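Spelled out from the first residue to the last, the chains are:
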Amino acid sequence: MRRTSRKGSFFLCLLINILINLDGAIPAVLLLICHFAFGFPLWLTFVALGIWLGWMIIYMLVMGWFAGQESDLPDKSKNINNPYAKKGTVIKDGRVVQKGDEK
């Protein structure tokens, strides 16, 4: 399977993550209801939303950094078992190189 080298947009991923994890906004919704019902300060609602959004942004930054790290595993090369390929043909990093072209 071909892997793309294109990076995803951070804000698009954040929007999708917000839509998937709307349960994190439950405390803010409850505080908003308490604001109208009991007179709680409105700033508590915004603090709860800020904490939720801040946690999601930090989580996405950490996971993005973690996914971008190099692997400690050695690079794998495999020989082509195609009888029509030249002898000594090797695949490295997704491209075909000849035995004498290795770097």
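Residues numbered from 1 in each chain as written. Predicted model: local features only at pLDDT ≥ 70, side-chain atom pairs only at ≥ 80, totals over all residues. Heavy atoms only, no water.

Undergrad: Sorry, what's going on with the environment of Ala25 here?
TA: Positionally, Ala25 belongs in the loop between α1 (10-20) and α2 (26-38). Residue Ala25 is classed as buried on the basis of its relative accessible area, which comes to 12%. Sequence separation between Ala25 and Leu53 is 28 residues; the distance between their C-alpha atoms is 8.9 Å. Sequence-distant contacts of Ala25, defined by excluding residues within four places in its chain, comprise Leu49 and Trp52. (Helix = DSSP H or I, 4+ residues; strand = E, 2+ residues; numbered from the N terminus. Buried < 20%, exposed > 50% of the residue type's maximum accessible area, 1.4 Å probe, protein only. Contact = heavy atoms within 4.5 Å.)

Undergrad: Would you mind showing me how to read a nonpolar patch on the surface here?
TA: Together, Leu12, Leu15, Ile16, Leu19, Ile20 and Leu22 make up a nonpolar patch on the protein surface, roughly 600 Å² of accessible area in all. Within the secondary structure layout, Ile20 lies in helix α1. Residue classification places Ile20 among the exposed residues on the basis of a relative accessible area of 62%. (Patch = residues over 30% accessible without salt bridge, like charges linked within 9 Å, V, L, I, M, F, W, Y side chains within 5 Å. Areas by Shrake-Rupley, 256 points an atom, 1.4 Å probe, with all protein chains shown as cover. Salt bridge = Lys/Arg side-chain N within 4 Å of Asp/Glu carboxyl O.)

Undergrad: I keep staring at the nonpolar core and nothing clicks. Help me out?
TA: Buried together is how nonpolar side chains tend to be arranged in soluble globular proteins. Residues Leu14, Ile18, Ala25, Trp52, Met56 and Met60 constitute the largest nonpolar core, which totals 6 residues. Of all elements in the fold, only α1 and α3 (43-67) reach the threshold of two or more residues within this core. (Core = buried A, V, L, I, M, F, W, Y, C linked by side-chain atoms within 4.5 Å.)

Undergrad: Explain α1 to me, please; I cannot follow it from the model alone.
TA: Residues spaced three or four apart along an α-helix face the same direction, because each turn holds 3.6 residues. Regarding α1, the residues found buried are Leu14, Asn17 and Ile18. Viewed along the axis of α1, the buried residues span an arc of 100°, placing them on a single side of the element. Projecting away from the buried face of α1 at angles above 90 degrees are the exposed residues Leu19 and Ile20. Looking at the packing, one finds that the buried side of α1 touches α3. (Arc of directions from axis to C-beta.)

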